[in-house]
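Chain by chain, the residues run as shown.
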Amino acid sequence: MATTPKFTVLFEKLRGQTFPLDKDALTIGRKDGMDIVLKDGSVSGYHADLFRTEKDGKVIFTLRDHDSTNGTRVNNQPITEHVLQTSDLITFGNVEVLFDGERNGSGNTSDFSHLTHTIDIGSLDKNTTAPQVLTAFDPKKAQKAKKDALFQRSMIITFGLIGLGLAALAVLVLSKIIAK
C-alpha cells in the first residue's frame, strides 16, 4: 500500500498534526490562501514553495525558501533550495515539521489538490509573542558582553565600597566633633 508523503508538525501544541504533500506545487506561509497555512508570527505571509517532480522513476521533493524574513532551515542549516530526504527536520521561522517521504514504488497518489491546510496557532494560545528574528550567534560578541557585565558589576561594588567608606569616615568625624 502506498503512503502519501507528508509533513508532520513538531511545533508545541500542534505536535502530530499531518499534512499530505499531494500536489506538484504547494505554497507554504502564514497568509490564508496558501496550500499549507502556518498561522504563527515567525512564519512569513508567503514563506516557501514545495515542488514534486519525478526523475528516473523516483519522486523528488524540492523545498524553496521564498525570501522569508526568518528563513527556512533543513536539519538546522539555512537553505534557499533543498532536495528533501525522508526524516528531514524543516523549520519555517520557529515552526518545526518533519518530512516523511516514504512511499511504495508505484508513484500513485490520490488527488487532494482541492484542499487547503490551515494551522491557526493564534487561536490556541492568546499569549503569543512577537516574531523572533533569527540571527547568527557570534561568540566574540557573547564574550565581550560577559566582560562588560563583569566590569559593570565590579564598578558597582567599587563605588559601593567607596561610598560605605566615606559614610564611615563621616560618622567618625561627627562623633569626634560631638565628643568635644
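Use the structure listed above.
Residues numbered from 1 in each chain as written. Predicted model: local features only at pLDDT ≥ 70, side-chain atom pairs only at ≥ 80, totals over all residues. Heavy atoms only, no water.

Enquirer: When you look at the overall build of the protein in this model, what are you seeing that I'm missing?
Expert: A tally of helices and strands in the protein yields one helix and 12 strands. Reading the helices (α) and strands (β) of the protein from amino to carboxyl end gives β-β-β-β-β-β-β-β-β-β-β-β-α. Sequence-distant contacts, at least 24 apart, represent 44% of the contacts inside the protein between residues at least 6 apart. Of the roughly 12000 Å² of accessible surface on the protein, 57% is carried by carbon and sulfur atoms. (Helix = DSSP H or I, 4+ residues; strand = E, 2+ residues; numbered from the N terminus. Contact = heavy atoms within 4.5 Å. Areas by Shrake-Rupley, 256 points an atom, 1.4 Å probe, with all protein chains shown as cover.)

Enquirer: Please clarify how the sheet that holds strand β1 (residues 6–9) should be interpreted in this entry.
Expert: Within a beta sheet, neighbouring strands are joined by backbone hydrogen bonds and run either parallel or antiparallel to one another. An order of β2-β1-β11-β10-β7-β8 is seen for the six strands of this open sheet, with the pairing classed as antiparallel. The two strands at the open ends of the sheet, each matched to only one other strand, are β2 (18–20) and β8 (77–79). Each strand of the sheet is rotated relative to its neighbour by a mean of 30°, with strand direction disregarded. With three bridges connecting them, strand β7 (residues 72–74) and strand β10 (residues 89–92) associate as antiparallel partners. Note on β10: the bridge partner recorded for Arg 73 is Thr 91. (Pairing = 2+ DSSP bridges. Axes fitted to C-alpha atoms, helices over the stretch in contact; angles between N-to-C directions.)

Enquirer: Is there a simple way to explain the pairing of strand β11 (residues 95–100) in this structure?
Expert: On a regular strand, each side chain points to the face opposite its neighbour's, so the side chains alternate between the two faces of the sheet. Every second residue of β11 is oriented toward a common face, the buried set being Val 95, Val 97 and Phe 99 and the non-buried set Glu 96, Leu 98 and Asp 100. Pairing geometry for β1 and β11, over four bridges, is antiparallel. From the neighbouring strand, Thr 8 faces β11, where its bridge partner is Leu 98. Sheet analysis places β10 next to β11, joined by four bridges and oriented antiparallel. Bridge pairing in β11 links Thr 91 to Glu 96. Remark: two residues form the turn of the hairpin made by β10 and β11, two consecutive strands paired antiparallel; Gly 93 in that turn has positive phi of roughly 65°. (Buried < 20%, exposed > 50% of the residue type's maximum accessible area, 1.4 Å probe, protein only.)

Enquirer: I'm lost on the packing of aromatic side chains in this one. Help?
Expert: Think of a pair of aromatic rings as described by two things: how far the centres are apart, and how the planes are tilted against each other in angle. Under the definition given, this model contains three aromatic pairs. Three or more aromatic residues joined by ring pairs make a cluster, and in this case those are Phe 7, Phe 61, Phe 92 and Phe 99. (Phe/Tyr/Trp six-rings, centres within 6.5 Å; stacked < 30°, edge-to-face > 60°.)

Enquirer: Whenever I open this one, the pattern of salt bridges confuses me. Can you help?
Expert: For side chains bearing opposite charge, pairing can occur when the charged atoms are close. Under the defined criterion, the tally for this structure stands at four salt bridges. Between Asp 35 and Lys 23 there is a salt bridge; the shortest N-O distance is 2.7 Å. Taken together, the residues Asp 35 in the loop between β3 (25–29) and β4 (36–39) and Lys 23 in the loop between β2 and β3 connect sequence positions 12 residues apart. Using a relative accessible area of 18% as the deciding quantity, one classes Lys 23 as buried. Notably, a salt bridge pairs Lys 39 with Asp 32, separated by 2.9 Å at the nearest N-O pair. Asp 32 gets classed as exposed once you look at its relative accessible area, which sits at 56%. (Salt bridge = Lys/Arg side-chain N within 4 Å of Asp/Glu carboxyl O.)

Enquirer: Teacher, can you tell me more about the environment of Thr 80 here?
Expert: With respect to the secondary-structure elements, Thr 80 resides in the loop between β8 and β9 (81–83). Given the relative accessible area of 63%, Thr 80 is considered exposed. Distance in space between the C-alpha atoms of Thr 80 and Leu 63 is 8.1 Å, their sequence separation being 17 residues. The contact partners of Thr 80, leaving out residues within four places of it in the chain, are Leu 63, Arg 64 and Asp 65.

Don't take any of this as a statement about function, it's just geometry.
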